[in-house]
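Report on the structure
Listed below are the residues making up each chain.
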Amino acid sequence: MEDVEGTGQCAPDQIGRQVRGYQGYATQDRRRATDKLLRAHLSCQLEGLATKLDGAAGHARRLGAETVSEPLARLHRKLCTIREGLQTPAYLESAFFERDRLPEETLQSLYDCELALLKEVSTLNEELADLDVSCLSETEVQERAMRMGDAVDAFNQALFERESLLLSWMGE
């Protein structure tokens, strides 16, 4: 595996620093467990983010700031929908899990998608860390909601690319 962006770490090691127990997909006997572990980690992260967003949206509603609460509530719904999709992905019967060896470029593409997913979760956590709708102006909250929306869209795109890659092994 190649060095990730000059970090001195290969992708599975970098992902493993963020996802406890992650071992990568190089060997067939670990693929299902690794996939399940990553999906559980992402699901847990999204659940926490959705809870924070729901709380912020509710607080904004109580303050009478509907123009702020609605974008936050919309992001909450998006995260919940994405999280539901992580529970039962369409690729579970893919030959990806059964092959002895996989091409290095396939593995690298998969790791790149997973690193992108983790990056967007980190971005969302940073944006939500100090989101206090009672202290920020309406414009500041709306701008932050837009940045979070971009991160959710980037997460969803990386998830789609990952699932497409895994689905490409269907029927092989």
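Residues numbered from 1 in each chain as written. Predicted model: local features only at pLDDT ≥ 70, side-chain atom pairs only at ≥ 80, totals over all residues. Heavy atoms only, no water.

**Some words on the overall build of the chain**
Looking only at helices and strands, one finds five helices and zero strands in the chain. Projecting the C-alpha coordinates of the chain onto the three principal axes gives extents of approximately 60 × 35 × 20 Å. Sequence separation of at least 24 residues holds for 73% of the intrachain contacts in the chain that already meet a minimum separation of 6. Of the roughly 9,200 Å² of accessible surface on the chain, 48% is carried by carbon and sulfur atoms. (Helix = DSSP H or I, 4+ residues; strand = E, 2+ residues; numbered from the N terminus. Contact = heavy atoms within 4.5 Å. Areas by Shrake-Rupley, 256 points an atom, 1.4 Å probe, with all protein chains shown as cover.)

**Considerations on the confidence of the model for the chain**
Taken as a whole, the chain shows an average pLDDT of 91; of its residues, 94% reach a score of 70 or greater. Highest mean pLDDT in the chain belongs to helix H1 (residues 11–18) (96); lowest belongs to helix H3 (residues 66–87) (93). (pLDDT = per-residue confidence, 0-100.)

**Side note on the environment of Gly-16**
For Gly-16, the position within the fold is in helix H1. Under the relative-accessibility criterion, Gly-16 is labelled partly exposed at 27%. In the structure, Gly-16 is positioned 22 residues away from Leu-38 in sequence and 9.7 Å away in space, judged by C-alpha atoms. (Buried < 20%, exposed > 50% of the residue type's maximum accessible area, 1.4 Å probe, protein only.)

**Let's talk about the packing of aromatic side chains**
Counted by the stated rule, this structure contains five aromatic pairs. Residues Tyr-25 and Tyr-111 carry aromatic rings whose centres are separated by 5.9 Å and whose planes lie at 25° to one another, so their mutual orientation is stacked. Of the two residues, Tyr-25 is situated in the loop between H1 and helix H2 (28–62) and Tyr-111 in helix H4 (residues 104–129); the sequence distance between them amounts to 86 residues. Where Tyr-91 meets Phe-97, the ring centres are 6.2 Å apart and the plane angle is 25°; that geometry is what we call stacked. Accessibility classification places Tyr-91 together with Phe-97 in one group, the buried group. Following the ring pairs from residue to residue traces out a cluster consisting of Tyr-22, Tyr-25, Tyr-91, Phe-96, Phe-97 and Tyr-111. (Phe/Tyr/Trp six-rings, centres within 6.5 Å; stacked < 30°, edge-to-face > 60°.)

**Some details on the packing of H2 against H4**
Direction vectors running N to C along H2 and H4 enclose 20°, while the axes themselves pass 11 Å from each other. Between H2 and H4, the crossing angle belongs to the class labelled roughly parallel. Relative to H4, the crossing made by H2 is left-handed. Across the interface between the two elements, Leu-38, His-41, Leu-42, Gln-45, Leu-49, Lys-52 and Leu-53 from H2 touch Glu-114, Leu-117, Leu-118, Val-121, Leu-124, Asn-125 and Leu-128 from H4. Split by residue class, the contact of H2 with H4 holds nine nonpolar, three polar and two charged. (Axes fitted to C-alpha atoms, helices over the stretch in contact; angles between N-to-C directions. Parallel < 35°, antiparallel > 145°, perpendicular 65-115°, else oblique. Left-handed = near helix turned anticlockwise from the far one by under 90°. Nonpolar A, V, L, I, M, F, W, Y, C, P; charged D, E, K, R; others polar.)

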